[in-house]
Amino acid sequence: MTRAFWDSQFRFSEVIPDFAGYLERAERESAAFAADHDLHRSAYGSDPRQWAEWTAGTGSDAVLPVIIHGGYWRALRADDHRFMMASLRVQGATIANLEYRLMPGIRLSDVVADVTTGLRSLADRFAKARLLIIGHSAGAHLAISAMSDPRVSGRTCGIIALSGVYDLHPVAQSFLHDELYLTPEEIRDHSLAPDTQRPPALYVTGTAETHEFRRGSALMASLGPSHWHQIDGANHMSLLWAASAAMDDLISTLQSLEDT
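Residues numbered from 1 in each chain as written. Predicted model: local features only at pLDDT ≥ 70, side-chain atom pairs only at ≥ 80, totals over all residues. Heavy atoms only, no water.

A. Fine view of the overall build of the protein. Secondary structure summary: the protein contains 12 helices and eight strands in total. Taken over the C-alpha trace, the protein has a radius of gyration of 17 Å; the compact-globule value for 260 residues is 18 Å, and the two agree within 12%. Considered along the principal axes of its C-alpha atoms, the protein spans approximately 50 × 40 × 40 Å. Burial analysis of the protein (260 residues in total) assigns 55% to the buried set. Across the protein, contacts joining residues at least 24 apart in sequence account for 78% of those joining residues at least 6 apart. (Helix = DSSP H or I, 4+ residues; strand = E, 2+ residues; numbered from the N terminus. Rg over C-alpha atoms; globule rule 2.2 N^0.38 Å. Buried < 20%, exposed > 50% of the residue type's maximum accessible area, 1.4 Å probe, protein only. Contact = heavy atoms within 4.5 Å.)

This is the structure we're talking about:
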């Protein structure tokens, strides 16, 4: 019963109608964005997945939006999340997209290190800008995890955490255990809790999400300069487009947290 319950919270291929259709839409729209924009790429490591890319925006060079994709730390590609860059063009003179290595070929500490190193490299390259990080699902977990590095958190003006998974104990009780092989030490070291010392964070979920994702975001928003925001009708995948459509308002809410 425990395994069946947690699978019902995390196995989106069964929980979300037309889950594959969302993946196909993301790939299609991202390819169209790439065809219409000049994308520049730089490696932050020797592995083919250790790279960041960016394109020109129309906003200020004081802010650098950075997208971190999800996929339960073991799937998906940054290439297929380029479509989200369109909603951020007015927020910065440059918009970035970050890729990282995947489990189980590496461990979770390595994935966190990749994202942290990638964010450092972007902060160094765009020295005038503060980072505005937009992470989805595992990408939200990785964005928050990277805040343990002062070189990253000190350059971050805020985080929009889209439907993140922060407590790894339930993850290890689900089908994902057979793919991730999380150790007790990884569960302990990489589960996240509310923290008053992080940069401002807006935790966003849809009202059609499973309970565990809404619970986790509500808990994370319970301390510090943070807020839990729900988007009516959005599920874990449709949230990507719903949040993109509401991005200006989400960033305005995030900025209000920074000002308090």
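Moving on from the coordinates now.
B. Layout of the nonpolar core. Counting residues in each nonpolar core, the largest one holds 83 residues, and the members touching the most others are Phe 10, Trp 73, Leu 119, Ile 160 and Val 171. The leading source of residues in this core is helix 4 (residues 108-125), at seven residues. Those residues in contact with Ile 160, other than ones at most four positions away along the chain, are Ile 133, Ile 134, Gly 135, Leu 202, Val 204, Met 247, Leu 250, Ile 251 and Leu 254. (Core = buried A, V, L, I, M, F, W, Y, C linked by side-chain atoms within 4.5 Å.)

C. Fine view of the environment of Leu 162. Here Leu 162 shows up in strand 6 (residues 156-162). Assessed through its relative accessible area of 0%, Leu 162 is described here as buried. When residues no more than four places from it in sequence are discounted, the contact partners of Leu 162 are Met 84, Ile 134, Gly 135, His 136, Ser 137, Ala 140, Val 204, Leu 239 and Ala 243.

D. Seen up close, the sheet that holds strand 5 (residues 130-136). Sheet architecture is open: eight strands sit in the order 1-2-4-3-5-6-7-8, paired in mixed fashion. A strand with exactly one partner marks an edge of an open sheet, and here the two such strands are strand 1 (40-43) and strand 8 (226-231). Averaged over all adjacent pairs, the angle separating strand axes in this sheet is 20°, with direction ignored. In this sheet, strand 2 (residues 51-56) lies alongside strand 1 in antiparallel orientation, the contact comprising four bridges. By the bridge assignment for strand 2, Arg 41 is matched with Glu 53. (Pairing = 2+ DSSP bridges. Axes fitted to C-alpha atoms, helices over the stretch in contact; angles between N-to-C directions.)

E. A look at the packing of helix 1 (residues 2-10) against helix 10 (residues 211-220). Orientation of helix 1 relative to helix 10, taken along the N-to-C sense of each, is 75°, at an axis distance of 7 Å. Considered as vectors, helix 1 and helix 10 are oriented roughly perpendicular to each other. In this structure, helix 1 contributes Trp 6, Gln 9 and Phe 10 to the contact, and helix 10 contributes His 211, Glu 212 and Phe 213. Looking at the contact of helix 1 with helix 10 residue by residue, the class counts come to three nonpolar, two polar and one charged. (Parallel < 35°, antiparallel > 145°, perpendicular 65-115°, else oblique. Nonpolar A, V, L, I, M, F, W, Y, C, P; charged D, E, K, R; others polar.)

F. Representation of helix 3 (residues 19-36). Counted at 1.5 Å a residue, the expected span for helix 3 with its 18 residues is 26 Å, and the 27 Å between its end C-alpha atoms agrees. Those residues of helix 3 not exposed but buried are Gly 21, Tyr 22, Ala 26, Ser 30 and Phe 33. Down the axis of helix 3, the buried set is contained in an arc of 160°. They therefore lie on one face. Turned more than 90 degrees from where helix 3 packs its buried face, Glu 24, Arg 28 and Ala 35 sit exposed. Where helix 3 is buried, its residues contact strand 2 and helix 11 (239-245). (Expected span 1.5 Å × (residues − 1). Arc of directions from axis to C-beta.)

G. Structural detail: the pairing of strand 2. With respect to burial, strand 2 is a largely interior element, five of its six residues being buried. Note: strand 2 against strand 4 (residues 94-98), five bridges, orientation antiparallel. Residue pairing for strand 4: Ala 56 is matched across the bridge by Thr 94.

H. Inspection of the environment of Phe 83 at higher detail. Relative to the elements of secondary structure, Phe 83 occurs in the loop between strand 3 (63-68) and strand 4. A residue is classified by how much of its surface remains accessible, and Phe 83, at 9% relative accessible area, is buried. Sequence-wise, Phe 83 and Trp 241 are 158 residues apart; in three dimensions their C-alpha atoms are separated by 9.1 Å. Beyond its immediate chain neighbours, meaning those up to four positions away, Phe 83 contacts Ala 26, Glu 29, Ser 30, Leu 240 and Trp 241.

I. Spotlight on the packing of helix 4 against helix 5 (residues 138-145). Put simply, helix 4 and helix 5 touch, their axes get as near as 9 Å, and they point 70° apart. With respect to each other, helix 4 and helix 5 are oriented roughly perpendicular. When helix 4 is examined against helix 5, the residues Leu 108, Val 111, Val 112 and Val 115 are found in contact with a partner set consisting of His 141, Leu 142 and Ser 145.

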